[in-house]
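Chain and residue survey
Letter by letter, the chains look like this.
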Amino acid sequence: MAAISALTAWPSGAHRPAVRAPRASTGVCLHDSRTEPAASVAHAFAAPVGRAATRRACAFVFVANLPLLAEAYGQDFASAASLEIQRRLCANFVVSASSDMARLRDDCFLLWHNEAFECAIFEGRAPGEFPRTMRRASRPIEALLAVLGAEPVRAGGIAALVQLHADWIDVCPPEQLGASEIELALWTAQPFPEAHETRADGWRQLYRADMDMAVRLSEATRGEELTFSWRPVVQPGSAATVLYRESRTRVASGRGEQGLLEPDVFMPCLQRLGLTRAFDRTVMRHAVAALRMQPSAHIGVSISAQGVRVDHWWASLLAVLDKEPALASRLVIEIVDSAALPDFEAARDFCVQLQLRGCRIAIRDFGSGADNLAAVQACRPDIVKLDAALLRRAREGAFGRECLRDMLSLCSHLAPHVVVDGIERDDDLHIASQAGAQWMQGFGVRGAERHARIGSPAGGDAGGSTEVD
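Presented here is an overview of the structure given in this document. Bear in mind that the values here come from a model prediction, so they are computed numbers and not experimental data. (Residues numbered from 1 in each chain as written. Predicted model: local features only at pLDDT ≥ 70, side-chain atom pairs only at ≥ 80, totals over all residues. Heavy atoms only, no water.)

This part takes up the pattern of salt bridges. Tallied over the entire structure, the rule returns 24 salt bridges. We note a salt bridge from E246 to R231, for which the minimum N-O separation is 3.2 Å. In this pair, E246 sits in strand β9 (residues 238-254) while R231 sits in strand β8 (residues 226-235), placing the two residues 15 residues apart along the sequence. Each member of the pair, E246 as well as R231, is classed as buried. Of the charged contacts, one joins R231 and D421 as a salt bridge, the two residues approaching to 3.8 Å between their closest N and O atoms. With a gap of 190 residues between them, R231 in strand β8 and D421 in strand β15 (residues 417-421) connect regions that are remote in the sequence. As far as the burial class goes, R231 and D421 line up, both buried. Taken together, the shared-partner salt bridges in this structure form one network comprising R231, E246, E334, R364, K385 and D421. (Salt bridge = Lys/Arg side-chain N within 4 Å of Asp/Glu carboxyl O. Helix = DSSP H or I, 4+ residues; strand = E, 2+ residues; numbered from the N terminus. Buried < 20%, exposed > 50% of the residue type's maximum accessible area, 1.4 Å probe, protein only.)

Relative to the 28 Å expected for 20 residues at 1.5 Å per residue, helix α8 (residues 203-222) spans 28 Å between its end C-alpha atoms, a close match to the ideal helical length. For α8, the full list of buried residues reads W203, Y207, D210, M211, M213, A214, V215, R216, L217, S218, A220 and T221. Once α8 ends, the next one or two residues include E224, with phi positive near 60 degrees. (Expected span 1.5 Å × (residues − 1).)

With that settled, consider the packing of α8 against helix α9 (residues 263-273). Look at α8 against α9: their axes get within 9 Å of each other, and the N-to-C directions meet at 115 degrees. The element α8 and its partner α9 pack so that their crossing is left-handed. Where α8 abuts α9, its residues L206, Y207, D210, M211, M213, A214 and L217 lie against V265, F266, C269, L270, R272 and L273. The residue inventory of the contact of α8 with α9, partitioned by class, reads 11 nonpolar, no polar and 2 charged. (Axes fitted to C-alpha atoms, helices over the stretch in contact; angles between N-to-C directions. Left-handed = near helix turned anticlockwise from the far one by under 90°. Contact = heavy atoms within 4.5 Å. Nonpolar A, V, L, I, M, F, W, Y, C, P; charged D, E, K, R; others polar.)

With that settled, the discussion passes to the pairing of strand β2 (residues 58-63). For a regular strand, the rule is simple: side chains alternate between the two faces of the sheet. Within β2, 6 of the 6 residues are buried, which leaves the element mostly enclosed by the surrounding structure. Judged by which residues are buried, β2 turns out to be covered on both faces: C58, F60 and F62 on one side and A59, V61 and V63 on the other are all buried. Here β2 runs beside strand β4 (residues 108-112); their pairing, made up of 5 bridges, is antiparallel. When the sheet's bridge partners are listed, C58 is paired in β4 with W112. Where β2 meets strand β7 (residues 164-169), 5 bridges bridge the pair, whose relative direction is antiparallel. Each bridged residue has a counterpart across the sheet, and for V61 the counterpart in β7 is A166. (Pairing = 2+ DSSP bridges.)

With that out of the way, let us pick up the packing of aromatic side chains. If you walk through the whole model with that rule in mind, you get 7 aromatic pairs. Ring geometry for F93 against F117: centres 6.1 Å apart, planes inclined by 85 degrees, an arrangement best described as edge-to-face. Here F93 is found in helix α3 (residues 75-93), whereas its partner F117 is found in the loop between β4 and α5 (132-136), with 24 residues between them in sequence. Exposure remark for F93: the relative accessible area of 7% places this residue in the buried category. Three or more aromatic residues joined by ring pairs form one cluster here, namely Y73, F77, W203 and Y207. Just above the ring of F443 sits the side chain of R231; from NZ or CZ to the centre is 4.9 Å. (Phe/Tyr/Trp six-rings, centres within 6.5 Å; stacked < 30°, edge-to-face > 60°. Lys NZ or Arg CZ within 6 Å of the ring centre and 35° of its normal.)

As structure tokens, this is what we get:
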């Protein structure tokens, strides 16, 4: 039988035989056959003698946080989450459950090309030979991820989001799938476990609190409750000269509470859960809609370090940028928490691909971490934004002001544009100007909040209140 090879957009070496947490054993869609072992799956798919099946493209879907859901909420909820992902797959991407899909285990599914999951035709290609664009950023895989993870899973009064991995995989047709192919498919689908796998005291409480926040954010996204403010990056002494406007996403607190939740509150929750990707994609689609509605606007969008790689989550964005270079030239991608970039090589490739399309790259909060310089060297940004702590220290005396001047001098060799962030009052404007600031940003900059309503982005994502000049 043909060997399975992983064709992923993840860095080389990012897969290994994972230490598996106890899970329910495997079964086959569509029935709830969780008690069937993997060997039974192989037997069910045994190929008829002398019959050659047509090769079809195949994707895997892996529910990466299923063991964590079991630890935090119990095995019954984890099993319900698996069945819900199976239901969503069968409802949206499957014509025939027996020939289009296989459930290898509670956390892993295979999905073959069919009329409901259309992708390129693969007949005539050697095994493992996939088009480069499909291998790295495939719109069918993006749609798969977006639909399966769009809503929280709910069971027994609990609501939680699933963390999904999906990619193309070279396997035999379902009727020829054997036990060795199943084991290798499971091995391929599992990413490296995080380095901080050890459970600290209070882990379950923190995980549940983070998940409650993630669910609230998901509900706000679907309920059009996101609000966007836009903070201009301006020249000292000339607030009318704007380099671009940075997007800042807020969400209603909910549950009868007043006010809006800031990214500093909810983004760390998503980062700890590994669930930033869908949110980054949603915010980016809002920004693209704003750029289309404001042909003269230049907009900056923050994305988390987890999203700084060319993969399926960005397939539709890359397609838009290819078709609309004028739009790309007005988009700035701001990388948040650059010191936490998981893979500098992947980050460099991501930045190069976006810059080739006309976008500009900004590194946020430079000077806040020891690895910031490595991130700048990898990403080669067009814009470096200094951490606001540098300006706060400059308020305290001559030493802090000297440090700010030295940092501005250093960054002038790293990027064409350097921004002093954290302007909050009039003396901040004076301190930054005296230090040689080229650009400034902060709530103390005139015109930091401007308001205008825009509608939902194309493609059906939830809309929201957007403030843009």
